[in-house]
Amino acid sequence: MRHRLILALLAFALFSTQSFAAGPSGFAVNVLVDDAPRTEYFHGGSVYIEAVRGASYSLRLTNPTGYRVAVALSVDGLNTIDAKHTDARSASKWVLEPYESTVISGWQVSNRTARNFFFTGERHSYGAALGQTKNLGVIEAVYFRERHREAEVYRPRFDEERSEPGSGASPAPSAKAQRSDAPDDYAATGMGHKARHEIEMIDIDLEPTPVASVRIRYEYRPQLVKLGILSQHISPLERRERAKRVRDVLPGTVAAISHRRWLVR
(Lines give C-alpha, C1' and ligand atoms only; values in the text may rest on other atoms or scores of the structure.)
Protein backbone atom coordinates (compact mmCIF):
# COMPACT_ATOMS: atom_id res chain seq x y z
CA MET A 1 0.00 0.00 0.00
CA ARG A 2 1.98 2.97 -1.31
CA HIS A 3 0.93 6.35 0.03
CA ARG A 4 1.93 9.97 -0.17
CA LEU A 5 2.59 11.43 3.24
CA ILE A 6 2.38 14.92 4.75
CA LEU A 7 4.96 15.78 7.40
CA ALA A 8 4.87 18.73 9.78
CA LEU A 9 7.82 21.02 9.15
CA LEU A 10 8.50 21.31 12.87
CA ALA A 11 7.25 18.00 14.27
CA PHE A 12 7.91 17.23 17.91
CA ALA A 13 7.52 14.28 20.29
CA LEU A 14 5.60 14.29 23.54
CA PHE A 15 6.15 11.55 26.06
CA SER A 16 3.86 10.75 28.96
CA THR A 17 3.45 8.27 31.79
CA GLN A 18 -0.31 8.95 32.01
CA SER A 19 -2.76 6.10 31.47
CA PHE A 20 -4.93 6.22 28.34
CA ALA A 21 -7.05 4.07 26.05
CA ALA A 22 -4.71 1.56 24.49
CA GLY A 23 -4.98 -1.05 21.78
CA PRO A 24 -2.80 -4.09 21.07
CA SER A 25 0.90 -3.65 21.92
CA GLY A 26 0.26 -0.33 23.68
CA PHE A 27 -0.84 1.85 20.73
CA ALA A 28 -2.88 4.56 22.44
CA VAL A 29 -5.16 7.59 22.22
CA ASN A 30 -5.56 10.06 25.08
CA VAL A 31 -8.26 12.79 25.17
CA LEU A 32 -6.84 15.98 26.72
CA VAL A 33 -8.73 18.98 28.14
CA ASP A 34 -6.56 21.80 29.50
CA ASP A 35 -3.57 19.49 28.82
CA ALA A 36 -4.94 16.92 31.31
CA PRO A 37 -6.17 13.46 30.25
CA ARG A 38 -9.87 12.79 30.77
CA THR A 39 -10.77 9.96 33.13
CA GLU A 40 -11.69 6.82 31.23
CA TYR A 41 -14.58 4.51 32.07
CA PHE A 42 -14.85 0.95 30.76
CA HIS A 43 -18.43 -0.20 30.21
CA GLY A 44 -19.93 -2.93 28.05
CA GLY A 45 -16.63 -3.51 26.25
CA SER A 46 -16.23 0.17 25.31
CA VAL A 47 -14.14 3.07 26.63
CA TYR A 48 -16.01 6.27 27.58
CA ILE A 49 -14.89 9.73 28.66
CA GLU A 50 -16.98 12.60 29.98
CA ALA A 51 -17.20 15.55 27.57
CA VAL A 52 -17.07 19.13 28.88
CA ARG A 53 -19.50 21.35 26.96
CA GLY A 54 -17.69 24.25 25.26
CA ALA A 55 -14.20 23.02 26.14
CA SER A 56 -11.48 22.71 23.52
CA TYR A 57 -9.78 19.33 23.50
CA SER A 58 -6.94 17.52 21.78
CA LEU A 59 -5.96 13.93 21.04
CA ARG A 60 -2.60 12.45 21.97
CA LEU A 61 -1.48 9.53 19.80
CA THR A 62 1.26 7.19 21.03
CA ASN A 63 3.51 4.80 19.12
CA PRO A 64 5.21 2.45 21.64
CA THR A 65 7.23 0.56 19.03
CA GLY A 66 10.59 0.88 17.32
CA TYR A 67 9.13 1.35 13.83
CA ARG A 68 7.26 4.20 12.13
CA VAL A 69 3.47 4.04 11.94
CA ALA A 70 0.67 5.92 10.17
CA VAL A 71 -2.61 6.60 12.00
CA ALA A 72 -6.05 7.01 10.44
CA LEU A 73 -7.67 9.31 13.03
CA SER A 74 -11.37 10.16 12.85
CA VAL A 75 -13.66 12.24 15.06
CA ASP A 76 -17.43 11.79 14.70
CA GLY A 77 -16.71 9.52 11.72
CA LEU A 78 -14.85 12.28 9.83
CA ASN A 79 -11.16 12.04 9.03
CA THR A 80 -9.28 14.75 10.96
CA ILE A 81 -7.20 15.67 7.89
CA ASP A 82 -9.66 15.94 5.02
CA ALA A 83 -13.08 15.45 6.73
CA LYS A 84 -13.82 12.48 4.48
CA HIS A 85 -15.82 9.44 5.62
CA THR A 86 -13.70 6.55 4.35
CA ASP A 87 -12.36 3.20 5.53
CA ALA A 88 -9.16 3.29 7.57
CA ARG A 89 -6.98 1.70 4.89
CA SER A 90 -7.70 4.37 2.27
CA ALA A 91 -7.98 7.28 4.75
CA SER A 92 -5.49 10.13 5.12
CA LYS A 93 -3.14 9.42 8.01
CA TRP A 94 -0.90 11.05 10.60
CA VAL A 95 2.60 9.59 11.05
CA LEU A 96 4.49 8.87 14.25
CA GLU A 97 8.20 8.12 14.47
CA PRO A 98 9.42 5.21 16.66
CA TYR A 99 8.47 5.69 20.35
CA GLU A 100 6.85 9.04 19.55
CA SER A 101 3.72 10.63 20.95
CA THR A 102 2.14 13.66 19.29
CA VAL A 103 -0.90 15.84 19.94
CA ILE A 104 -3.60 16.52 17.33
CA SER A 105 -5.63 19.55 18.41
CA GLY A 106 -7.92 20.21 15.46
CA TRP A 107 -9.18 19.59 11.95
CA GLN A 108 -6.55 20.22 9.25
CA VAL A 109 -8.13 22.52 6.62
CA SER A 110 -5.12 23.38 4.43
CA ASN A 111 -1.36 22.84 4.27
CA ARG A 112 -0.97 25.85 6.60
CA THR A 113 -4.09 25.94 8.81
CA ALA A 114 -6.01 23.84 11.33
CA ARG A 115 -9.26 24.45 13.29
CA ASN A 116 -9.44 23.32 16.92
CA PHE A 117 -11.72 20.61 18.31
CA PHE A 118 -14.28 21.60 20.94
CA PHE A 119 -17.18 19.81 22.59
CA THR A 120 -20.60 21.00 21.51
CA GLY A 121 -24.07 19.54 20.95
CA GLU A 122 -25.07 17.57 17.88
CA ARG A 123 -26.92 20.56 16.42
CA HIS A 124 -23.77 22.69 16.17
CA SER A 125 -21.27 19.94 15.33
CA TYR A 126 -19.05 19.85 12.25
CA GLY A 127 -20.56 16.48 11.35
CA ALA A 128 -24.12 17.89 11.40
CA ALA A 129 -23.03 20.81 9.20
CA LEU A 130 -21.78 18.28 6.63
CA GLY A 131 -24.84 16.06 7.00
CA GLN A 132 -22.74 13.25 8.54
CA THR A 133 -24.33 12.36 11.90
CA LYS A 134 -24.11 8.56 12.03
CA ASN A 135 -20.92 8.44 14.14
CA LEU A 136 -21.22 11.51 16.38
CA GLY A 137 -19.58 10.98 19.77
CA VAL A 138 -16.92 8.55 18.52
CA ILE A 139 -13.13 8.99 18.33
CA GLU A 140 -11.20 6.26 16.53
CA ALA A 141 -7.55 5.70 15.64
CA VAL A 142 -6.34 2.87 13.39
CA TYR A 143 -2.58 2.22 13.27
CA PHE A 144 -0.66 0.89 10.23
CA ARG A 145 2.98 -0.16 10.32
CA GLU A 146 5.51 1.12 7.77
CA ARG A 147 6.84 -1.59 5.48
CA HIS A 148 9.93 0.26 4.18
CA ARG A 149 11.90 3.09 5.74
CA GLU A 150 12.85 4.87 2.51
CA ALA A 151 10.88 8.05 1.81
CA GLU A 152 10.86 10.68 -0.95
CA VAL A 153 9.94 14.31 -0.19
CA TYR A 154 7.47 16.35 -2.28
CA ARG A 155 6.00 19.82 -2.17
CA PRO A 156 2.47 19.98 -0.71
CA ARG A 157 -0.17 19.24 -3.32
CA PHE A 158 -2.75 21.74 -2.10
CA ASP A 159 -2.45 25.43 -1.25
CA GLU A 160 -6.09 26.41 -0.94
CA GLU A 161 -7.93 25.99 2.33
CA ARG A 162 -10.53 23.24 2.36
CA SER A 163 -14.15 24.33 2.16
CA GLU A 164 -15.80 24.70 5.56
CA PRO A 165 -19.34 25.21 6.83
CA GLY A 166 -20.27 28.85 6.37
CA SER A 167 -18.19 29.43 3.24
CA GLY A 168 -19.74 29.63 -0.20
CA ALA A 169 -17.95 26.50 -1.41
CA SER A 170 -18.78 24.27 1.54
CA PRO A 171 -21.18 21.34 1.20
CA ALA A 172 -24.78 22.24 1.97
CA PRO A 173 -25.97 20.79 5.29
CA SER A 174 -28.88 18.40 5.06
CA ALA A 175 -32.37 19.64 5.91
CA LYS A 176 -32.32 17.52 9.05
CA ALA A 177 -29.00 18.99 10.16
CA GLN A 178 -30.32 22.54 9.71
CA ARG A 179 -33.36 22.09 11.95
CA SER A 180 -33.18 24.42 14.96
CA ASP A 181 -35.17 21.95 17.07
CA ALA A 182 -32.69 19.11 16.57
CA PRO A 183 -31.64 17.47 19.90
CA ASP A 184 -28.59 19.11 21.44
CA ASP A 185 -28.18 17.12 24.67
CA TYR A 186 -25.65 14.72 23.19
CA ALA A 187 -21.95 15.47 22.78
CA ALA A 188 -20.34 16.05 19.39
CA THR A 189 -17.34 18.02 18.08
CA GLY A 190 -17.39 21.50 16.58
CA MET A 191 -14.88 23.33 14.40
CA GLY A 192 -13.23 26.15 16.37
CA HIS A 193 -10.70 28.91 15.74
CA LYS A 194 -7.80 28.71 13.29
CA ALA A 195 -4.14 28.15 14.13
CA ARG A 196 -1.16 28.11 11.78
CA HIS A 197 0.28 24.68 11.01
CA GLU A 198 2.55 23.96 8.04
CA ILE A 199 3.07 20.56 6.44
CA GLU A 200 5.02 18.82 3.66
CA MET A 201 4.52 15.60 1.71
CA ILE A 202 6.50 12.38 1.26
CA ASP A 203 5.87 8.84 0.01
CA ILE A 204 5.63 5.94 2.45
CA ASP A 205 4.97 2.22 2.08
CA LEU A 206 2.55 0.72 4.65
CA GLU A 207 1.53 -2.80 5.46
CA PRO A 208 -1.96 -3.59 4.11
CA THR A 209 -3.55 -4.52 7.44
CA PRO A 210 -3.63 -2.44 10.66
CA VAL A 211 -1.64 -3.44 13.73
CA ALA A 212 -4.03 -1.79 16.20
CA SER A 213 -7.33 0.07 16.53
CA VAL A 214 -8.46 2.26 19.45
CA ARG A 215 -12.04 3.54 19.86
CA ILE A 216 -13.39 6.02 22.45
CA ARG A 217 -16.97 7.15 23.07
CA TYR A 218 -17.59 10.58 24.60
CA GLU A 219 -20.81 11.80 26.22
CA TYR A 220 -21.95 14.52 28.61
CA ARG A 221 -22.46 13.52 32.24
CA PRO A 222 -26.30 13.11 32.10
CA GLN A 223 -25.93 10.55 29.32
CA LEU A 224 -23.17 8.69 31.19
CA VAL A 225 -25.49 8.56 34.20
CA LYS A 226 -28.32 7.15 32.04
CA LEU A 227 -25.94 4.48 30.72
CA GLY A 228 -25.06 3.51 34.30
CA ILE A 229 -21.43 4.52 33.87
CA LEU A 230 -21.47 7.41 36.38
CA SER A 231 -23.38 7.92 39.57
CA GLN A 232 -26.10 10.56 39.59
CA HIS A 233 -24.62 12.10 42.74
CA ILE A 234 -21.15 13.64 42.98
CA SER A 235 -19.34 12.76 46.19
CA PRO A 236 -17.86 15.61 48.28
CA LEU A 237 -14.35 14.34 47.48
CA GLU A 238 -15.05 14.29 43.72
CA ARG A 239 -16.49 17.82 43.96
CA ARG A 240 -13.34 19.04 45.70
CA GLU A 241 -11.11 17.34 43.12
CA ARG A 242 -13.01 18.98 40.26
CA ALA A 243 -12.66 22.38 41.94
CA LYS A 244 -8.87 22.11 41.71
CA ARG A 245 -8.77 21.31 38.00
CA VAL A 246 -11.67 22.88 36.14
CA ARG A 247 -11.21 26.32 34.54
CA ASP A 248 -13.74 28.55 32.79
CA VAL A 249 -13.85 27.69 29.09
CA LEU A 250 -15.54 29.60 26.28
CA PRO A 251 -17.03 27.66 23.36
CA GLY A 252 -14.52 27.31 20.56
CA THR A 253 -11.65 28.70 22.65
CA VAL A 254 -8.39 28.62 20.72
CA ALA A 255 -6.36 25.51 21.52
CA ALA A 256 -2.66 25.12 20.77
CA ILE A 257 -2.37 23.21 17.49
CA SER A 258 0.71 21.00 17.72
CA HIS A 259 3.01 20.61 14.73
CA ARG A 260 2.14 17.30 13.18
CA ARG A 261 2.22 15.09 10.14
CA TRP A 262 -0.27 13.38 7.88
CA LEU A 263 -0.61 11.07 4.95
CA VAL A 264 -2.85 11.28 1.89
CA ARG A 265 -3.64 8.82 -0.85
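The rules behind the values
- Residues numbered from 1 in each chain as written.
- Predicted model: local features only at pLDDT ≥ 70, side-chain atom pairs only at ≥ 80, totals over all residues.
- Heavy atoms only, no water.
- Helix = DSSP H or I, 4+ residues; strand = E, 2+ residues; numbered from the N terminus.
- Buried < 20%, exposed > 50% of the residue type's maximum accessible area, 1.4 Å probe, protein only.
- Polar contact = N/O pair within 3.5 Å; in protein donor to acceptor, adjacent residues only side chain to side chain.
- Salt bridge = Lys/Arg side-chain N within 4 Å of Asp/Glu carboxyl O.

**Q** Could you give an account of the side chain of Asn 30, naming the residues involved and the relevant values?
**A** Summarising the element assignment, Asn 30 is placed in strand S3 (residues 28–33). The class for Asn 30 is buried, based on a relative accessible area of 0%. In terms of polar contacts, Asn 30 uses its side chain to reach the side chain of Arg 60, at 2.7 Å.

**Q** So what about the pattern of salt bridges? Which residues, and what values?
**A** Think of it this way: side chains of opposite charge can pair up when their charged atoms draw near. Per the stated rule, a full pass over the model turns up five salt bridges. For the salt bridge of Glu 97 with Arg 68, the shortest nitrogen-to-oxygen distance reads 3.3 Å. Residue Glu 97 is found in the loop between strand S10 (94–96) and strand S11 (101–104), and its partner Arg 68 is found in the loop between strand S7 (56–62) and strand S8 (69–75); the two are separated by 29 residues along the sequence. Using a relative accessible area of 5% as the deciding quantity, one classes Arg 68 as buried. For Arg 217, the salt bridge identified is with Glu 219, shortest N-O distance 2.6 Å. Judged by relative accessible area, Glu 219 falls into the buried class, the value being 8%. Taken together, the salt bridges that share partners define one network made up of Arg 68, Glu 97 and Glu 146.

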